[in-house]
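What the coordinates show
For reference, the chains in residue letters:
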Amino acid sequence: MDKGLQAFIDKLNTLNFSDMYENDFYFTWDKTDDEIMALFTVADALRYLREQNISTKIFDSGLGISIFRDNSTRTRFSFASACNLLGLEVQDLDEKKSQIAHGETVRETANMVSFMADVIGIRDDMYIGKGHTYQKTFMDAVTQGHKDGILEQKPTLVNLQCDVDHPTQCLADMEEIIHYFGGVENLKGKKLAMTWAYSPSYGKPLSVPQGVIGLMTRFGMDVVLAHPEGYDVFPECEEVARKNAEKTGGSFTKTNSMAEAFKDADIVYPKSWAPFAAMEKRTDLYGKGDFDGIDALEKELLAQNAQHKDWTCSEELMATTKDGKALYLHCLPADITGVSCEAGEVDASVFDRYIEPLYKEASYKPYIIAAMIFLAKCKNPQETLKKLAEANKPRLFE
């Protein structure tokens, strides 16, 4: 057995993650510490095998169904890459080309697209109280379809972003942090600043900051959530962060000062999001079909954002971080001052300096998604990894 792969298998042997088998992935805080570590370990193992030119296909056939109810580049291609890595083909459900437009119910759609599906990836992040609910409704339908004998197997859900959490993004962010600092054991006491930043656009979801504080507080870090007054996130997510910090010996604090958050920070994550109260109002207007009201709200929020243009990741702020060299993270695409907009979340010089770690951060997402699928479909992941190594089938014949 290859020593590199054996190290991953040995790590998995120390963890209890059996409940991930035949289970869905909604939120990171639904999973135990061992289950989160198993995800990181399998993601690294799959990446290792691919780098050794060893095929990681565990499926001979099957579908991964992608449902994107909001725009996406990185997550869309990461999901397709993950499915392909494991041997699944991807079929995208375009709701405009389906019978949904003719009144087809979620229950019917869920069963009709899942006959040979092994995994369902869903992004639904724009409306408070709607995204997670849609995912649950969809998966309840396929679970019942499997019980009724309609479906030969129950597909696994991967939450590709909802109104509450963005687990694939935040786990990829965490992978970058772990590798950047040389291991989980080196993270305790590190300061992470999750801060709001100015954007000239409107209505960005809250799920990234909520996912970050809900995950990063599990590693003993000192996590600071910073935003102007009125840009609060879900109280439930803040409570998750507080409980995590208490358990791990880290801390979770809030501030209305970006400068305070950046001071001596080891990691900074400046990212715009919409106010929780405004997103609630937007959801209510959408439910009533009041599109004039939505347009008026958009103008109101853009004006509100414009009052906080000083909330930007500048060279001056970066200089106040730990040794002036904090790791800069972003889920991308960032609003870059002087490049993608007149004024935005980050100075162009800062962004350009961190291009390499930013792209590495994004590169972990396909492997995180693949690990979610792998752990949900393989009853004994250690044995499956061993069989892949022993088969030694080249991914690319040279």
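Preceding this section is the structure that the text describes.
Residue numbers restart at each chain and count upward from 1, following the sequence in its written direction. Totals for whole chains, interfaces and linings use every residue, but because this is a predicted model, local features are given only for residues with pLDDT of at least 70 and side-chain atom pairs only at 80 or more, for both listing and counting. Note that water and hydrogens are dropped before the side-chain values are worked out from all heavy atoms of the structure.

With that settled, consider the overall build of the chain. Comment: elements are numbered from the N terminus, with helices defined as DSSP H or I runs of at least four residues and strands as E runs of at least two. Within the chain, the regular secondary structure consists of 16 helices and 11 strands. Principal-axis analysis of the C-alpha atoms places the extent of the chain at approximately 55 × 55 × 45 Å. Think of it in three bands: residues with accessible area under 20% of the maximum for their type are buried, residues over 50% are exposed, and the middle band is partly exposed, with areas taken using a 1.4 Å probe on protein chains only. When burial is assessed residue by residue, the chain has 56% of its 398 residues classed as buried. Considering only intrachain contacts with a sequence separation of at least 6, the fraction spanning at least 24 residues in the chain is 82%. In this description, contact between two residues means that some pair of their heavy atoms is separated by no more than 4.5 Å.

In strand S8 (residues 267-270), alternate side chains face the same way, and those of Ile267 and Tyr269 on one face and Val268 and Pro270 on the other are all buried. A pair of strands is labelled paired if DSSP reports no fewer than 2 bridges between them. Where strand S5 (residues 191-195) and S8 come together, 4 bridges link them in parallel fashion. Pairing of methionine 194 across the sheet is with tyrosine 269, part of S8. By the bridge criterion, 2 bridges tie S8 to strand S9 (residues 327-328) in an arrangement that is parallel. Across the sheet, the residue bridging to valine 268 is tyrosine 328, located in S9.

For salt bridges, the criterion is a side-chain nitrogen of Lys or Arg within 4 Å of an Asp or Glu carboxyl oxygen. For the structure shown, the criterion picks out 15 salt bridges. Residues glutamate 239 and arginine 242 are paired through a salt bridge, measuring 3.5 Å at the closest nitrogen-oxygen approach. Remark: arginine 242 and glutamate 239 occur in helix H8 (residues 235-248); sequence separation between them is 3 residues, near one turn of the helix. We classify glutamate 239 as partly exposed; its relative accessible area is 36%. With relative accessibility at 33%, the residue arginine 242 sits in the partly exposed group. Ionic pairing is found between glutamate 315 and arginine 353, a salt bridge with its closest N-O pair at 2.8 Å. A residue pair is termed long-range when its members are at least 10 positions apart, and glutamate 315 in helix H12 (residues 315-318) and arginine 353 in helix H13 (residues 348-353) qualify at 38 residues. Judged by its relative accessible area of 43%, arginine 353 falls in the partly exposed class.

So, on to the environment of cysteine 378. Tracing the backbone shows cysteine 378 in the loop between helix H15 (365-377) and helix H16 (381-391). The sequence separation of cysteine 378 and methionine 20 amounts to 358 residues, and the corresponding C-alpha distance is 9.3 Å. When sequence neighbours within four positions are dropped, the list of residues in contact with cysteine 378 reads Tyr21, Ile58 and Thr384.

Quick look at helix H6 (residues 167-180) now. Between its first and last C-alpha, H6 extends 20 Å over 14 residues, near the 20 Å set by a 1.5 Å rise per residue. With 12 of 14 residues buried, H6 lies mostly within the body of the structure. Among the residues making up H6, those that are buried are Pro167, Thr168, Gln169, Cys170, Leu171, Ala172, Asp173, Met174, Glu175, Glu176, Ile177 and Ile178. Residue glycine 182 follows H6 closely and has a positive phi angle near 80°. Take the residue count of a helix, subtract one, and multiply by 1.5 Å to get its expected span.

Nonpolar cores were defined as sets of buried Ala, Val, Leu, Ile, Met, Phe, Trp, Tyr and Cys residues, with membership established by side-chain atoms within 4.5 Å. Within the largest apolar cluster, 123 residues are counted, with the highest numbers of intra-cluster contacts made by Met174, Ile177 and Tyr328. Ignoring anything within four residues of it in the chain, the contact list for tyrosine 328 reads Val268, Pro270, Cys313, Met318, Ala334, Val346, Phe351, Tyr354 and Leu358.

Along strand S6 (residues 222-226), 4 of the 5 residues are buried, which leaves the element largely enclosed by surrounding structure. With 5 bridges connecting them, S5 and S6 associate as parallel partners. Residue pairing across strands places alanine 193 opposite valine 224, the latter belonging to S6. We call a crossover right-handed when, viewed with the strands running away from us, the connection from the first strand over the helix to the second turns clockwise. Note that the unit made of S5, helix H7 (residues 207-216) and S6 has a crossover that is right-handed.

This brings us to a nonpolar patch on the surface. Any residue with relative accessible area above 30% and no salt bridge may belong to a patch, with like charges joined within 9 Å and the nonpolar Val, Leu, Ile, Met, Phe, Trp and Tyr side chains within 5 Å. Computed by Shrake-Rupley with a 1.4 Å probe, the accessible areas treat only the displayed protein chains as cover when residues are assessed. Nonpolar side chains collect at one region of the surface, where Met112, Phe115, Met116 and Ile150 lie side by side and expose about 420 Å² of accessible area between them. The residue methionine 112 is located in helix H4 (residues 106-112) in this model. When its relative accessible area of 44% is taken as the criterion, methionine 112 is described as partly exposed.

The next point concerns the packing of helix H2 (residues 33-51) against H15. H15 packs onto H2 with a crossing angle of 110° between their chain directions and a minimal axis gap of 8 Å. Here H2 lies roughly perpendicular to H15, going by the angle between them. Helix-helix and strand crossings are classified by hand; for H2 and H15 the assignment is right-handed. Here Ala38, Leu39, Phe40, Val42, Ala43, Leu46, Arg47 and Arg50 of H2 come into contact with H15, specifically with Tyr367, Ile368, Ala370, Ala371, Met372, Phe374 and Leu375. Residue polarity is assigned by list, with Asp, Glu, Lys and Arg as charged and Ala, Val, Leu, Ile, Met, Phe, Trp, Tyr, Cys and Pro as nonpolar; anything else, Gly included, falls into the polar class. Here the residues of the contact of H2 with H15 sort into 13 nonpolar, no polar and 2 charged. A fitted line through C-alpha atoms represents every axis, and for helices the fit uses only the stretch in contact; the resulting angles, taken between N-to-C directions, go from 0 to 180 degrees. Comment on the angle field: the value is read as roughly parallel under 35 degrees, roughly antiparallel over 145, roughly perpendicular from 65 to 115, and oblique elsewhere. Each crossing is labelled by how the near helix is turned from the far one, with a counterclockwise turn of less than a right angle marking it left-handed and a clockwise turn marking it right-handed.

A word on the sheet that holds strand S2 (residues 89-92). The strand order across the open sheet formed by 4 strands is S2-S1-S3-S4, and the pairing between neighbours is parallel. The open sheet has two free edges, formed respectively by S2 and strand S4 (156-162), since each of these has just one partner strand. The mean inter-strand angle of the sheet, taken between neighbouring strand axes irrespective of direction, is 20°. As paired elements, strand S3 (residues 117-124) and S4 share 5 bridges and run parallel to each other. By the bridge assignment, isoleucine 120 is partnered in S4 with leucine 157. Sheet contacts for helix H5 (residues 131-147): strand S1 (63-68), S3 and S4; angle to S4, the most-contacted strand, approximately 165°.

Geometry only, nothing functional implied.
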